[in-house]
Amino acid sequence: MLNTKAFMSVFWLLSALVLFVSMKWVGLALFGILVLSVNVLRDISDDVETEIGNMNYSARP
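The structure contained in this document is the topic of the report that follows.

## Re the packing of aromatic side chains
Inference 1: Tallied over the full model, the rule gives two aromatic pairs.
Inference 2: When the ring of Phe7 is compared with that of Phe11, the centres are 6.5 Å apart and the planes differ by 25°; the resulting orientation is stacked. Placement of both Phe7 and Phe11 in helix 1 (residues 2-59) is noted, with a separation of four residues, approximately one turn of the helix.
Inference 3: Centre to centre, the rings of Phe11 and Trp12 are 5.6 Å apart; their planes meet at 65°, and the pair counts as edge-to-face.
Inference 4: Phe11 sits in the partly exposed class, given a relative accessible area of 42%.
Inference 5: Seen from the ring of Trp25, Lys24 lies directly overhead, with NZ or CZ sitting 5.9 Å from the centre.

So, how was this worked out
- Residues numbered from 1 in each chain as written.
- Predicted model: local features only at pLDDT ≥ 70, side-chain atom pairs only at ≥ 80, totals over all residues.
- Heavy atoms only, no water.
- Phe/Tyr/Trp six-rings, centres within 6.5 Å; stacked < 30°, edge-to-face > 60°.
- Helix = DSSP H or I, 4+ residues; strand = E, 2+ residues; numbered from the N terminus.
- Buried < 20%, exposed > 50% of the residue type's maximum accessible area, 1.4 Å probe, protein only.
- Lys NZ or Arg CZ within 6 Å of the ring centre and 35° of its normal.

Right under this line is the structure:
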């Protein structure tokens, strides 16, 4: 009975560790994707602002 209890506790500890590590990597990947998408969106908005500025500038008489 003691061996099964010890085995189960070690098993739960290992599974919790694996879950924590995988969650950490998933979190890092999601964070990286978020940062990349924010940078891309910022570049796109800068381009759009430049285009709008050029259009306004060229529309002036």
